[in-house]
Structures are given as C-alpha cells and as structure tokens.
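Spelled out from the first residue to the last, the chains are:
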Amino acid sequence: MATEGNLEAPTRHPLDWKNPDFYNEEKCFDELERIFDICHGCRRCVSLCGSFPTLFDLVDESKTMEVDGVDKKDYWKVVDQCYMCDLCYMTKCPYTPPHEWNLDFPHTMLRAKAIKFRKGEVGAAEKFLASTDVHGQFAGIPIVVQVANAVTHTKAARSVMESVAGVDKDAWLPDLASKKFRSGTPEATSTRVVDGEKTPGKVAIFATCYINYNEPGIGLDLLRILNHNDIPYVIVEKEKCCGMPKLELGDLESVQASKEANIPVLARYAKDGYAILAAVPSCALMFKQEIPLMFPDDKDTQLVKEHMWDPFEYFMARKRDGLLKTEFPQKLGNVSYQIPCHGRVQNIGRKTEEMLKMIPATTINTMERCSGHAGTFGVKKAYHQTAMKIGKPVFKAMANMKDGSKPDYISSDCPLGGHHIAQGFEVNGLGAPELQHPLSLVAKAYGLK
C-alpha cells in the first residue's frame, strides 16, 4: 500500500543517461505524464518556479481538467521553465525515493532537456551563453576587457545582444576581470598542516569560472581567511568549467568532457589529503551530486565527492575541531543574507549564517528562498522577467530586518544570485545596501580588508 508521503529523507538514483532508452522521447513523455499526474494531485510545489504554475494552468485549462487533457507538445513549456534548482526534490516533494512512486522531477526534466539538445533544438546563442570558459578566456587582457565591459554597459549594444543572443537588455551582466584569479594568486603564508578530527588541515582551491574570470576578489578574500587561520592552501593545478551551465542545457556529453578534464586532477588532491573548496555553490554541487550521479561507478569521481567542501561548511567543521579563530574586531551591523538553492541542496545546513552570527554587533536576517536568477536562466530575454518575479518575495523580505531597520549589507553565497537580488532592490525601489559576498564580509570582520 502506498503511503501518503515519505517518512524518510530523499535518496537519489544514479542518472541512467548512457541507456539508449534515456533518449527515447516517447518513453520520456510517458514518464512526464506519470509524474505530472502526481504533481497535479499534490500541487505542493506551486510557489517554487515557473514549471509548476505552467503545468497546473495547462491542466486546469484543458477539456478534462486532468493531465490526459494536456497536449503533449505543451509538456515542453513545463520543461523549459525548470532551471534545475532541485528544491522541489529536496525540500517539498513527498513522493521522492524511497517512496514507491519514485518521483524525481528535476532529473526527468533533465532527461527531456537532453533529448531536446540531442535533437538539435538548442540554439547557438544558448550554447555560447553556457560556454563560460569560452567568453571567460578574454578576462585579463587589458584592452579587450575594457572594450567588452564598456559594450555590456551600452544600451545600443545591449539591444543588439538581446536580438542576436537572446540576453535581456535589462538583465545584470558581470564584467570581465582585469586580472584572472588564477593569474598570480599569493602563496599561502602557512605551510604547517594541522589536521582536525573533522577536517583536513590543507586546502586545494577550485577557482570556478565566475571567480576566475569575473570576481577574483571573492577568491582572494577566501585566501585571506585561510591565511588568517593558518591553513595552507594551493590553487588547483588546472581546471575546466564544472559543467553546470551545460547540464542545465541538457548537454550531457559536454558535462562528461568537463568531468574527464577535472576529476583526474582533483582526485590527485583528494588522494593527497586535501579538502577541496569551491566558493560557488553550483560548482560544489556538481562535484558533490550531479557528476557522481552520472558516473556512479567511477572511483575517482566518488573520491572527489567526499573531499569537496563548501567554504563555510569547511570553516564550521574547523571550528568544531577547535582550529578556527573566532575573534572578529570589525562589526558588520545589519546583514540580509540569502541562502542559495544549490547551497541548500548540498544538505550542509546553514553554515554561512552560523559563521556570520559569530561576528559581534552584527544582526543577520536570513532568507531561505530562491532568488530567481538560476544561472543563465535569469539573463535570457525569454525568462528575465519571470526570474525577477520569482525573486520579488526575496527582495522584499531582505529589504527590512526583523526589527524594521534597514540592512547595511545584502549577501548571498551565489555571486550571480547576489547581483540579481541587488538588481531587484533597485528595480523595486527597496534601497541600495552594499552588496558583499559572505566571504568578503567575514574577511572584513576579521579586519583583513
């Protein structure tokens, strides 16, 4: 007999993407119909993203007012609204495995996206937008950076980008850095490795595309914190994009190519006893969840999974080992902080909030809801306004502390999500508190900047 819902934590099956049936559109649509019927009868996820309201509207406006009344070609409207945040699976759905209904909404959407990609129905502009190593290669080239950044801030150029590349002319876009993070980072000041019961005493930094090409200051603040706590570090010898932007497109072969470039390198650090830190939650999640589910039998992939850490997950474990400095000479005042979706899905708890709350004379207003940005989703013409709508409850909730005062800072572990929130503040007239990444806030509180 089926139970009403799970009484156990959700588990995840490996992604059977090498099976030829994975790309069988008819079988995929049969599974979509099955899970859509379950979702229609539940509707618990209606507030998460556009996929669920789209599905329920299709059902309610059909002749039968059931899933069997929905034209299957309209299933793509639901698929296209999914940006792989995973929150439905991890926080809402009562029918995920080990429940016998075995409902995995995100990975069924991923299967459909992979079919769409293989059919050649993903445009060149979307592919380019997801190729972070391609456009990131221009970072650090002085004249090119100046020209590229000037162009992205020009209305005429943004109108052209909207018509040619599908990038919304009003969406915030990151600047290219004048110097890449991986170009000449300072060496660690400490060489003495002190392992704790819970933590390795040395760290390998996976830079991530965004920090390497766009905001190296976040990575430098991470290094300052490690130096301050006498934790020796190295920068990973070489790296490629983690593959998350390609995963969101359904381009699983490109994800495999990223895996084949990154895993052998990262596995060497894991075998040498390093904690591997990635300061962008989506990148950490790729190595903790998505790549291991795609390659469940690859030993090096599973080893890297066990050695991958979110920075604040590592720092709080270090604190429990009695090896983290807890004196913060600089107060921060009021901080409105958003926990990004891909931070929540890692199942590590509120580690960033935990560390920020250690800072004296600092009040934290935490928002645990999607900002709406979702990687490339939030900058596309087709979805930017939807992304702003999804984020609006977050913007409004972050605009006031619990006592009614205003925040001095707004912050999110996801750098792109943080800028999306800042744009939401501007568009909705909610004030202009300073945007700072949590690592930068901690570096400031330590008196390091």
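So, a few notes on the structure that sits alongside this text. Because the structure is predicted, anything quoted here is derived from the model rather than measured.

1. A look at the sheet that holds strand β5 (residues 333-338)
Okay, so step 1: Judged by pairing direction, the sheet is parallel, and its four strands sit side by side in the order β6-β5-β7-β8 without closing on themselves. Of all strands in the sheet, those bounded by a partner on one side alone are β6 (362-367) and β8 (434-435).
Okay, so step 2: Of the strand pairs in this sheet, β5 and strand β7 (residues 409-412) are connected by four bridges, and their pairing is parallel. In the sheet register, Ser 336 faces β7, and the bridge partner there is Ile 410.
Okay, so step 3: Docked against the sheet, helix α21 (residues 438-445) engages β5 and β7, running at close to 125° with respect to β7.

2. Brief notes about the pattern of salt bridges
Okay, so step 1: Under the defined criterion, the tally for this structure stands at 30 salt bridges.
Okay, so step 2: Here Lys 119 and Glu 25 are joined by a salt bridge, their closest N and O atoms 3.1 Å apart. Taken together, the residues span a long stretch of sequence, with Lys 119 in the loop between α5 (105-118) and α6 (124-129) and Glu 25 in helix α1 (residues 25-42) at a distance of 94 residues.
Okay, so step 3: Its relative accessible area of 27% is what places Glu 25 among the partly exposed residues.
Okay, so step 4: If you follow the salt bridges from partner to partner, you end up with Arg 344, Arg 350, Glu 353, Lys 357 and Glu 368 in one network.

3. So, the pairing of β5
For a regular strand, the rule is simple: side chains alternate between the two faces of the sheet.
Okay, so step 1: Of all six residues making up β5, six are buried, and the element is well covered by its neighbours.
Okay, so step 2: As judged from the six bridges shared by β5 and β6, these two strands associate in the parallel manner. From the neighbouring strand, Gly 333 faces β6, where its bridge partner is Thr 362.

4. Structural notes on the packing of aromatic side chains
Think of a pair of aromatic rings as described by two things: how far the centres are apart, and how the planes are tilted against each other in angle.
Okay, so step 1: Enumeration according to the criterion identifies 17 aromatic pairs in this entry.
Okay, so step 2: Judged by centre distance (5.4 Å) and plane angle (25°), the rings of Phe 29 and Tyr 75 are stacked. Residue Phe 29 is located in helix α1, and its partner Tyr 75 is located in helix α3 (residues 75-81); the two are separated by 46 residues in the primary sequence. For the residue pair Phe 29 and Tyr 75, the accessibility class agrees, reading buried in each case.
Okay, so step 3: Judged by centre distance (5.1 Å) and plane angle (75°), the ring pair of Phe 206 and Phe 287 falls under edge-to-face. Pair noted here: Phe 206 is in strand β1 (residues 203-206) and Phe 287 is in helix α14 (residues 281-294), with a separation of 81 residues, a long-range link.
Okay, so step 4: Note on Phe 206: relative accessible area 1%, which makes it buried.
Okay, so step 5: Just above the ring of Phe 295 sits the side chain of Lys 259; from NZ or CZ to the centre is 4.6 Å.

5. Overview of the sheet that holds strand β4 (residues 308-309)
Okay, so step 1: Judged by pairing direction, the sheet is parallel, and its four strands sit side by side in the order β2-β1-β3-β4 without closing on themselves. Lying at the two open borders of the sheet, with one neighbouring strand each, are β2 (233-235) and β4.
Okay, so step 2: Pairing between β1 and strand β3 (residues 275-278): four bridges, direction parallel. Within β3, the residue paired with Ala 204 across the bridge is Ile 276.

6. Some points on the pairing of β1
Okay, so step 1: Covered by surrounding structure in β1 are Val 203 and Ile 205 together with Ala 204 and Phe 206, the residues of both alternating faces.
Okay, so step 2: Bridge count for β1 against β2 is three bridges, and the pairing is parallel. Directly across from Val 203, in β2, lies its bridge partner Tyr 233.

7. With respect to α1
Okay, so step 1: If you check α1, its first and last C-alpha atoms are 25 Å apart, about what 18 residues at 1.5 Å a residue would give, namely 26 Å.
Okay, so step 2: The set of residues buried in α1 consists of Cys 28, Phe 29, Leu 32, Ile 35, Phe 36, Ile 38, Cys 39 and His 40.
Okay, so step 3: For α1, the secondary structure elements touched by its buried residues are α2 (51-60), α3 and α5.

Cut-offs used in this document
- Residues numbered from 1 in each chain as written.
- Predicted model: local features only at pLDDT ≥ 70, side-chain atom pairs only at ≥ 80, totals over all residues.
- Heavy atoms only, no water.
- Pairing = 2+ DSSP bridges.
- Helix = DSSP H or I, 4+ residues; strand = E, 2+ residues; numbered from the N terminus.
- Contact = heavy atoms within 4.5 Å.
- Axes fitted to C-alpha atoms, helices over the stretch in contact; angles between N-to-C directions.
- Salt bridge = Lys/Arg side-chain N within 4 Å of Asp/Glu carboxyl O.
- Buried < 20%, exposed > 50% of the residue type's maximum accessible area, 1.4 Å probe, protein only.
- Phe/Tyr/Trp six-rings, centres within 6.5 Å; stacked < 30°, edge-to-face > 60°.
- Lys NZ or Arg CZ within 6 Å of the ring centre and 35° of its normal.
- Expected span 1.5 Å × (residues − 1).

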